[in-house]
2 protein chains.
Amino acid sequence: MNVGSAKDNAVPTKLDEQTVSRAEDVLRNYLRERGLKLTSERQTLLRAILGSQEHFEPEDLLVSLRQQGIRVGKATIYRTLPLLVDCGILRRAFLGQNRAYYEHCFGSMPHDHMICTICSRVIEFDSSEIRQLRERVAEPAGFTVQSHRFQIAGLCRECKTGPQNPSPMA
Amino acid sequence: MNVGSAKDNAVPTKLDEQTVSRAEDVLRNYLRERGLKLTSERQTLLRAILGSQEHFEPEDLLVSLRQQGIRVGKATIYRTLPLLVDCGILRRAFLGQNRAYYEHCFGSMPHDHMICTICSRVIEFDSSEIRQLRERVAEPAGFTVQSHRFQIAGLCRECKTGPQNPSPMA
DNA sequence: GTTTATGCAAACGATTTGCAGTGGT
DNA sequence: ACCACTGCAAATCGTTTGCATAAAC
């Protein structure tokens, strides 16, 4: 059930070129449909995002790219991320407190997050049960589900014995 | 299963004095335990919050109080809300995009929210099933649950036939 | 060629913080 | 009296926007 766990942000890793080009197709179609353009910056960002295995903030992307000697304007990043969300490549994941966290969801198993209130470690878990539950809950209200966000705050195994931290869900 | 629905923010309503004084006790104890003080501003805010039946933002509180001719500094509000969250009277609820939403949870049934992506209507629903589910999911990871946040985005009954809006979960 | 995108820097808006004065305890 | 709290205004910080230039189509 546990899919993985994470700590660092937006660390670029080896890319599956196959996946990249499939994602690029998705993006290309999405853009064409609305008369938008597939610029080199958008391709760069798409690559960077698919390469990141973790949750990241817009700023992380900027830094990560700079370290690779690639310069992309901050505004471009902020303007591009919503596009990628909209075409289903990216999703906004859990929120720390009042800032945007993203993770790519292209080809990855749907999941949600547990976040340790002490060490901030993030543990992912399969969300299929929640997916069923959300339908069951929405139906009697005549509500049509588009998406959900589910996050659990608490103490991870390692922090359970350490000093307590009361803050429930920042 | 459906507990209610909401639209406007922080509209003061008639208060159950009994509830107010119980809540005040909770707050008083919480403060005393850490050498903090029960000021008149904190009492004012507690009252205002208990009186609000809806989800609200810090700014809503400020405005609502001003309308009643009560002046409380914005900073005081921002400094007080986390205290109330910490002592369990308040909770941070769903987040629009990157701002803080609160609702009081003193004596109210635990619930989560469905939010219509078109009209922003909020529908509350009982969260007991989610509470069981979160334990089931946390246990194998050795994770101790403190709290969760669950929100469903989609189309409410009324908007289902109106113009579509793609944005999944802002 | 036309139109959308980029990069920069300025603008924004929510939240936070420093500080002098006020008020619980 | 002491120390925390308030209010104000200034400071932060993530995010958005305006505009001149560059790049897709």
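Residues numbered from 1 in each chain as written. Chains lettered and ligands numbered in written order. Predicted model: local features only at pLDDT ≥ 70, side-chain atom pairs only at ≥ 80, totals over all residues. Heavy atoms only, no water.

With the rule as written, the count across this model stands at five aromatic pairs over all chains. Judged by centre distance (6.2 Å) and plane angle (25°), the rings of Phe 56 of chain A and Tyr 102 of chain A are stacked. Taken as a pair, Phe 56 of chain A in the loop between helix H2 (40-51) and helix H3 (58-67) and Tyr 102 of chain A in strand S3 (residues 102-104) lie far apart in primary sequence, 46 residues in all. Residue Tyr 102 of chain A is classed as buried on the basis of its relative accessible area of 7%. Through successive ring pairs, a cluster of aromatic residues spans Phe 125 and Phe 150 of chain A together with Phe 125 and Phe 150 of chain B. (Phe/Tyr/Trp six-rings, centres within 6.5 Å; stacked < 30°, edge-to-face > 60°. Helix = DSSP H or I, 4+ residues; strand = E, 2+ residues; numbered from the N terminus. Buried < 20%, exposed > 50% of the residue type's maximum accessible area, 1.4 Å probe, protein only.)

By nearness alone, 22 residues border DNA strand D, and Tyr 78 of chain A together with Arg 42, Gly 73, Thr 76 and Arg 79 of chain B come closest of all. Listing elements by their share of the surface near DNA strand D, those giving two or more residues are helix H4 (74-86) of chain A together with helix H2 (40-51) and helix H4 (74-86) of chain B. With four residues, the top contributor of residues to the surface near DNA strand D is H4 of chain A. A class-by-class count of the residues in the surface near DNA strand D yields eight nonpolar, five polar and nine charged. (Near = heavy atom within 4 Å. Nonpolar A, V, L, I, M, F, W, Y, C, P; charged D, E, K, R; others polar.)

To describe two helices that pack against each other, one gives the angle between their axes and the distance between the axes. Residue and element names in this part refer to chain A. Across the interface, helix H1 (residues 17-33) lies against H2 with an axial gap of 10 Å and an inter-helix angle of 135°. By the angle between their directions, the pair H1 and H2 is classed as oblique. By crossing handedness, the relation of H1 to H2 is classed as right-handed. Together, Glu 17, Thr 19, Val 20, Ala 23, Glu 24, Leu 27 and Leu 31 of H1 and Arg 42, Gln 43, Leu 46, Arg 47 and Leu 50 of H2 make up the contact between the two elements. For the contact of H1 with H2, the residue count by class is six nonpolar, two polar and four charged. (Axes fitted to C-alpha atoms, helices over the stretch in contact; angles between N-to-C directions. Parallel < 35°, antiparallel > 145°, perpendicular 65-115°, else oblique. Left-handed = near helix turned anticlockwise from the far one by under 90°. Contact = heavy atoms within 4.5 Å.)

Residues and elements named next belong to chain A. Within the secondary structure, Ile 118 is located in the loop between strand S4 (111-116) and strand S5 (122-126). Note on Ile 118: relative accessible area 30%, which makes it partly exposed. In the structure, Ile 118 is positioned 100 residues away from Gln 18 in sequence and 38 Å away in space, judged by C-alpha atoms.

Glancing now at the protein's contact with DNA strand C. Taken together, the neighbourhood of DNA strand C is formed by 22 residues, with Lys 37, Gly 73, Thr 76 and Arg 79 of chain A together with Tyr 78 of chain B sitting nearest. Residue Gly 73 of chain A places a main-chain N or O atom 2.8 Å away from a phosphate oxygen belonging to DNA strand C. At a separation of 3.3 Å, a phosphate oxygen of DNA strand C approaches a polar side-chain atom of Arg 99 of chain B. For the surface near DNA strand C, the elements supplying multiple residues, two or more each, are H2 and H4 of chain A together with H4 of chain B. In terms of residues, the surface near DNA strand C owes the most to one element, H4 of chain B, which gives four residues. (Polar contact = N/O pair within 3.5 Å; in protein donor to acceptor, adjacent residues only side chain to side chain.)

So, about H2 of chain A. Residue and element names in this part refer to chain A. The first and last C-alpha atoms of H2 sit 16 Å apart over twelve residues, in line with the 16 Å expected at 1.5 Å per residue. Listed as buried for H2 are Leu 45, Leu 46, Ala 48, Ile 49, Leu 50 and Gly 51. In this fold, the buried residues of H2 make contact with H1, H3, H4, strand S2 (90-92) and S3. (Expected span 1.5 Å × (residues − 1).)

Applying the stated criterion across every chain yields a total of 22 salt bridges over all chains. The salt bridge involving Glu 57 of chain A is made with Arg 99 of chain A; its shortest N-O contact spans 2.3 Å. Of the two residues, Glu 57 of chain A sits in the loop between H2 and H3 while Arg 99 of chain A sits in the loop between S2 and S3, which places them 42 residues apart along the sequence. Its relative accessible area of 43% is what places Arg 99 of chain A among the partly exposed residues. Put simply, Arg 136 of chain A and Glu 129 of chain B hold a salt bridge, and the shortest N to O gap is 2.4 Å. With Arg 136 of chain A in helix H5 (residues 128-138) and Glu 129 of chain B in helix H5 (residues 128-138), the pair connects residues from two separate chains. Relative accessible area serves as the criterion here: at 44%, Arg 136 of chain A is assigned to the partly exposed category. We classify Glu 129 of chain B as partly exposed; its relative accessible area is 27%. Via salt bridges that share partners, Glu 24, Asp 25 and Arg 28 of chain A belong to a single interconnected network. (Salt bridge = Lys/Arg side-chain N within 4 Å of Asp/Glu carboxyl O.)

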